[in-house]
Amino acid sequence: MNAGLDASHGASRSPWRDRHEFTFTLPTALHQFLALGVRLYFPLGFAALVGVSIWFARQQR
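Right, let's walk through the structure included here. This one's a predicted model, so the numbers in the text were calculated from it and none came from an experiment. (Residues numbered from 1 in each chain as written. Predicted model: local features only at pLDDT ≥ 70, side-chain atom pairs only at ≥ 80, totals over all residues. Heavy atoms only, no water.)

This brings us to the overall build of the chain. Looking only at helices and strands, the chain features one helix and zero strands. Among the 61 residues that make up the chain, the fraction classed as buried is 3%. In the form shown here, the chain has an accessible surface area of approximately 5,900 Å², with 69% of it arising from carbon and sulfur atoms. (Helix = DSSP H or I, 4+ residues; strand = E, 2+ residues; numbered from the N terminus. Buried < 20%, exposed > 50% of the residue type's maximum accessible area, 1.4 Å probe, protein only. Areas by Shrake-Rupley, 256 points an atom, 1.4 Å probe, with all protein chains shown as cover.)

Together, Phe33, Leu34, Val38, Leu40, Tyr41, Phe42, Phe46, Leu49, Val50 and Ile54 line one region of the surface with nonpolar side chains, adding up to about 1,100 Å² of accessible area. Mapped onto the fold, Phe46 is located in helix α1 (residues 15-58). (Patch = residues over 30% accessible without salt bridge, like charges linked within 9 Å, V, L, I, M, F, W, Y side chains within 5 Å. Salt bridge = Lys/Arg side-chain N within 4 Å of Asp/Glu carboxyl O.)

Inspection of every chain in the model, using the stated rule, returns one aromatic pair. On the numbers, 5.2 Å between centres and 20° between planes, the contact of Trp55 with Phe56 is stacked. The pair formed by Trp55 and Phe56 is uniform in burial state, with each residue classed as exposed. (Phe/Tyr/Trp six-rings, centres within 6.5 Å; stacked < 30°, edge-to-face > 60°.)

Since the α-helix turns once every 3.6 residues, residues separated by three or four places project in the same direction. In this model α1 runs just 54 Å from its N-terminal to its C-terminal C-alpha over 44 residues, more than 12% under the 64 Å that 1.5 Å per residue would give. Roughly 60° is the biggest bend found in α1, and it falls at Gly37. (Expected span 1.5 Å × (residues − 1). Bend = angle between axes of the 7 residues up to and from the residue.)

Structure below.
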């Protein structure tokens, strides 16, 4: 990483720029997870939930 330096100018980055990047990166990441990740992880997660539920139900108290 460039340790807080702006690659184009070599100067310190402003706190506004960091917040701006975070503000737009977070929704983009969430959208990508919802659009792509749910289709990939939901079937496996659902199967794991069913398996763990059965495992806990069979355990003796």
